[in-house]
Amino acid sequence: MRLLVLAALVTAGLFAQETPTEREAARDVLKKMGELEKSVDVSGWVTRLSAANPARDQVTARAKQLMDSELLAMGDDITKHPEIGFAEKRSVEVLTEYLKRHGFEITMGVASLATAFVGRYKGNNGAPVLGVILEYDALRGTQGAFHGDQHSTQGPIGMAAAIAMAEYLERSHAPGSVVVYGTPGEEMMPPVAKTDMFKAGVFNGADIIVRSHSTSASSRPAPGFGTCCLNIDGVKYTFSGAPAHQMTPWAGRNALEAVIHLFNNIDAARTTMRPEARIQGVITEGGAAPNVVPDRTAADFYIRYPDAIYLAQVREAVDNAARAAALATGTKVKIDNYGQLRDGVSVGTLDEVGFAHMKRFGATQIADAPGKPQGYEETGTVSSAIPGMGFSARTSTAANHTYEMETDALAEVGHQGFVVDAQAMAALLFDFATHADYRAAVKKEFEGIKALFGEYQEALKKVYTVPRVPDPR
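Residues numbered from 1 in each chain as written. Predicted model: local features only at pLDDT ≥ 70, side-chain atom pairs only at ≥ 80, totals over all residues. Heavy atoms only, no water.

Chemist: Just to check I follow, could you spell out the nonpolar core for this structure?
Modeler: One recurring pattern in soluble globular proteins is that nonpolar side chains are buried together. Met165, Phe239 and Leu262 are the most contacted members of the largest nonpolar core, which has 107 residues in total. Tallying contributions element by element places helix H13 (residues 412-434) first for this core, with 13 residues. Once you skip the residues sitting within four places of it in the chain, Met165 turns out to touch Val59, Leu130, Val178, Ala426, Leu429, Phe430 and Ala433. Listed in part, the 17 residues of the second largest apolar core include Ala116, Val202, Ile209 and Tyr376. (Core = buried A, V, L, I, M, F, W, Y, C linked by side-chain atoms within 4.5 Å. Buried < 20%, exposed > 50% of the residue type's maximum accessible area, 1.4 Å probe, protein only. Helix = DSSP H or I, 4+ residues; strand = E, 2+ residues; numbered from the N terminus. Contact = heavy atoms within 4.5 Å.)

Chemist: So what exactly am I meant to see when it comes to the sheet that holds strand E2 (residues 117-121) here?
Modeler: Two orientations exist for strands paired in a sheet by backbone hydrogen bonds: parallel and antiparallel. A sheet is described by the order of its strands in space; here 6 strands give the open sequence E1-E2-E4-E3-E5-E12, paired in mixed fashion. Both edges of this open sheet fall to strand E1 (104-108) and strand E12 (388-391), since each of them pairs with a single strand only. The mean inter-strand angle of the sheet, taken between neighbouring strand axes irrespective of direction, is 20°. The sheet contact formed by strand E5 (residues 208-212) and E12 spans 4 bridges and is parallel. Of the residues in E12, the one forming a bridge with Arg211 is Gly390. (Pairing = 2+ DSSP bridges. Axes fitted to C-alpha atoms, helices over the stretch in contact; angles between N-to-C directions.)

Chemist: Looking at this structure, I do not really get the environment of Thr238. What am I missing?
Modeler: Note on placement: Thr238 falls in strand E7 (residues 231-240). Taking the C-alpha atoms as reference points, Thr238 and Ala258, 20 residues apart in sequence, are found 9.7 Å from one another. When near neighbours in sequence (up to four residues on either side) are disregarded, Thr238 contacts Arg296, Thr297, Ala298, Lys332, Val333 and Lys334.

Chemist: In this structure, what is going on with the packing of aromatic side chains? I would like to understand it.
Modeler: Aromatic rings in a pair are described by how distant their centres are and how their planes are angled relative to each other. What the rule picks out here adds up to 15 aromatic pairs. Centroid distance Phe263 to Phe301: 5.1 Å. Interplanar angle 40°. Geometry classified as tilted. One end of the pair, Phe263, is in helix H9 (residues 255-269); the other, Phe301, is in strand E9 (residues 296-305), with 38 residues separating them in the sequence. By relative accessible area, Phe263 is classed as partly exposed at 24%. Judged by centre distance (4.8 Å) and plane angle (55°), the ring pair of Tyr305 and Tyr310 falls under tilted. Taken as a pair, Tyr305 and Tyr310 share a single burial class, namely buried. The ring of Phe355 carries the charged tip of Arg220 above its face, separated from the ring centre by 3.9 Å. Looking at Arg274, its charged tip hangs above the ring of Tyr310, at a distance of 5.3 Å from the centre. (Phe/Tyr/Trp six-rings, centres within 6.5 Å; stacked < 30°, edge-to-face > 60°. Lys NZ or Arg CZ within 6 Å of the ring centre and 35° of its normal.)

Chemist: So what exactly am I meant to see when it comes to the packing of helix H4 (residues 42-49) against helix H14 (residues 436-463) here?
Modeler: Packed helix pairs are characterised by how far apart their axes lie and by the angle those axes make with each other. At a closest axis distance of 12 Å, the pairing of H4 and H14 adopts a crossing angle of 150°. The orientation of H4 relative to H14 falls into the category roughly antiparallel. Both H4 and H14 take part in a crossing whose hand is left-handed. Of the residues in H14, those touching H4 at Trp45, Arg48 and Leu49 are Asp437, Tyr438 and Ala441. Counted by class, the contact of H4 with H14 contains 4 nonpolar, no polar and 2 charged residues. (Parallel < 35°, antiparallel > 145°, perpendicular 65-115°, else oblique. Left-handed = near helix turned anticlockwise from the far one by under 90°. Nonpolar A, V, L, I, M, F, W, Y, C, P; charged D, E, K, R; others polar.)

Chemist: Got a minute to help me understand helix H5 (residues 54-80) in this structure?
Modeler: Given 3.6 residues per helical turn, the α-helix brings residues three or four places apart onto the same face. Between the first and last C-alpha of H5 there are 37 Å, a value that for 27 residues agrees with the 39 Å anticipated at 1.5 Å per step. Considering bend angle alone, the principal kink of H5 is centred on Asp68 and spans about 55°. The N-terminus of H5 is capped by Asn53, whose side-chain oxygen sits 3.1 Å from the backbone nitrogen of Ala55. (Expected span 1.5 Å × (residues − 1). Bend = angle between axes of the 7 residues up to and from the residue. Polar contact = N/O pair within 3.5 Å; in protein donor to acceptor, adjacent residues only side chain to side chain.)

Chemist: Got a minute to help me understand the sheet that holds strand E10 (residues 332-341) in this structure?
Modeler: Pairing is antiparallel in the open sheet, where 4 strands are placed in the order E8-E9-E7-E10. The strands lining the two open edges of the sheet, one partner per strand, are strand E8 (278-285) and E10. Averaged over all neighbouring strand pairs, the angle between strand axes comes to 20°, with direction disregarded. As defined by bridge partners, E8 adjoins E9 across 7 bridges and the pair is classed as antiparallel. Looking at the pairing, Glu285 lines up with Ala298 of E9. Relative to the sheet, H9 contacts E7, E8 and E9, its axis offset from that of E9 by approximately 15°.

Chemist: Explanation requested: the confidence of the model for the protein chain in the structure shown.
Modeler: Any segment with low pLDDT has predicted coordinates that should not be analysed in fine detail. Per-residue confidence for the protein chain gives a mean pLDDT of 95; residues scoring 70 or more make up 96%. Here residues 9-15 scores under 50 on pLDDT; set against residues more than four positions off or in separate chains, the count is 8 contacts. (pLDDT = per-residue confidence, 0-100.)

Chemist: Sorry, what's going on with helix H7 (residues 154-172) here?
Modeler: Its 19 residues place the ends of H7 27 Å apart at the C-alpha level, agreeing with the 27 Å of an ideal helix rising 1.5 Å per residue. Across the 19 residues that make up H7, a large majority, 16, are buried. A positive phi of about 60° marks His173, the residue just after H7.

Chemist: Sorry if this is basic, but what is going on with the pattern of salt bridges here?
Modeler: Side-chain pairing between opposite charges can occur once the charged atoms of the two side chains come close. With the rule as written, the count across this model stands at 20 salt bridges. Close ionic contact of Asp233 with Arg342 constitutes a salt bridge, the shortest N to O distance being 2.8 Å. Of this pair, Asp233 sits in strand E7 while Arg342 sits in the loop between E10 and strand E11 (344-346); the two residues are 109 residues apart in sequence, bridging distant segments of the chain. Notably, a salt bridge pairs Glu458 with Lys461, separated by 3.1 Å at the nearest N-O pair. You can see Glu458 and its partner Lys461 sitting in helix H14, 3 residues apart, about one turn around the helix. According to the relative accessible area criterion, Glu458 is partly exposed, its value standing at 43%. Residues joined in a network through salt bridges with shared partners are Glu135, Glu186, Lys194, Arg211 and Glu378. (Salt bridge = Lys/Arg side-chain N within 4 Å of Asp/Glu carboxyl O.)

Okay, here's the thing in C-alpha cells:
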C-alpha cells in the first residue's frame with residue numbers, strides 16, 4: 001500500500017500544475033512540495049489509517065444506514081424538485097428539518113443569503129471542529145432547472161456523515177464538534193456564496209471541512225494548489241446606445257452592434273492568447289423589437305485560465321475588446337466584474353486517506369493516479385484557508401452538467417456512489433477527530449503548501465511577460 005501511494009504521488013508531482021508553462025515556472029516550488037510530502041509521510045498515514053477500527057466501523061455503518069433508510073430517498077426527492085441557486089427554498093426546508101430532528105440547531109440566512117444556513121450539533125464538545133458543506137442548487141437549463149451535477153444528494157451525503165460522527169462524539173464523550181454549512185448557488189454568481197460566507201466569518205473555527213461532488217470516475221487530486229474549473233472572472237458587459245426608428249438608424253446608436261462587435265473582437269484577440277484560455281459568454285439582453293435601434297444590450301462572461309497571473313492578461317484583452325466595441329459603435333460600456341474564483345489547496349494527507357476509504361467501501365471506475373491539484377470547493381476562498389477534502393466516488397456514467405447525469409442520480413450508479421461518499425466521509429472525519437498526530441500532519445502539510453503558493457505566483461510573473469509594442473512610425 002505504502003509503495004503504491006508513494007509511486008502515485010511521485011507521478012502526480014511531475015504533472016502538478018495544468019500547463020507546461022506552469023510546470024516549468026514552478027519547478028523549484030514543486031521540488032519543495034515533494035520534500036514536504038515526504039516529511040509528512042502520506043503513505044505511512046494511509047497504511048496506518050487503513051487498519052481495522054471497530055469504533056470507526058460503527059460510525060460508517062450508521063452513515064450507510066441513514067443513507068439506505070432515508071437519505072437516498074431524500075436525494076431523489078430533491079432531484080425531482082430542482083431549484084436554481086439562491087431560490088432553493090424547498091430543498092433547504094427539507095434539509096434543515098431533517099437536521100433539527102437529529103439534534104442540530106439551525107441558523108438561517110447567514111451572510112445575508114436567504115438560503116444559506118449553519119447547523120450545529122447540540123452536543124458539541126469543543127475542538128476539533130469538523131465542518132461539512134451541504135449543497136442543493138440545480139443548474140440553469142434551456143428546459144428549466146435540472147440536477148445535472150447531482151447537488152441534490154450532496155446535502156444528504158454530508159448529513160449522513162455529520163450525524164453519524166456527531167452521535168459518536170456525544171456517545172463516547174470524546175472532544176469534538178460537528179458543524180454543517182448549507183451553501184447555496186454553487187453554480188451561480190453573483191453573489192459568490194462561499195466567499196461571502198467566508199468573509200462574514202461563517203467558517204471561522206473549523207479545523208477541517210469536507211464535501212462531496214458528482215463524478216464519472218472515482219478520483220482525488222494531487223497535493224498542491226489549483227481549482228476544478230480554472231481560475232475565473234465573472235464579468236458582465238452592458239452597452240448603452242440611443243434608440244431610433246430602424247428606418248432612420250443614423251438617429252440612434254446601436255447597442256446590439258456593440259455587443260456583436262464584442263464577440264468578434266474577442267475571437268480576433270484569441271489568436272495571440274495562450275491556448276488554455278477559455279472565454280465563454282452569452283448575450284443576456286439583445287434589444288426589444290426589430291423596428292427600434294436597440295439602446296441597451298448586455299453579455300455575461302466567464303473568463304478562465306489555469307492561474308490568476310495570466311488570467312489578468314486575458315481579462316484585460318476582453319475588457320479592451322468591449323471598450324473597442326463601444327468606441328466603434330458610438331455607444332458606452334459598463335464593465336462589472338461581479339465575481340471571481342481562485343486556486344484552493346489540496347493536501348495529500350487528507351486526499352490519499354479519503355481515497356483509500358472510498359476504495360474500501362466499493363468505489364468504482366477507479367482513477368489510480370491523482371488528478372490535478374484543486375481545492376475541495378470551487379471558489380478557492382475557503383479551501384485556501386481551511387484544510388479539507390472533496391469526496392468524489394463515481395456516481396454517473398455521464399459527464400457533468402448533462403441530463404444523463406441527472407438521470408443517474410436516481411439510478412443504481414448514483415445511489416451506490418452516494419453511499420460510498422457518505423461512508424468514506426464519515427471515516428475520514430473519524431480519523432481526524434480521534435488522532436491528534438494526524439491532525440498535526442494535516443496542518444503541517446496544509447500550511448507548507450500555502451507558504452509555497454506565493455513563491456509560485458512570483459515565478460509565474462517572471463514567465464508571463466507582455467510583449468512590447470512600439471509606437472507606429
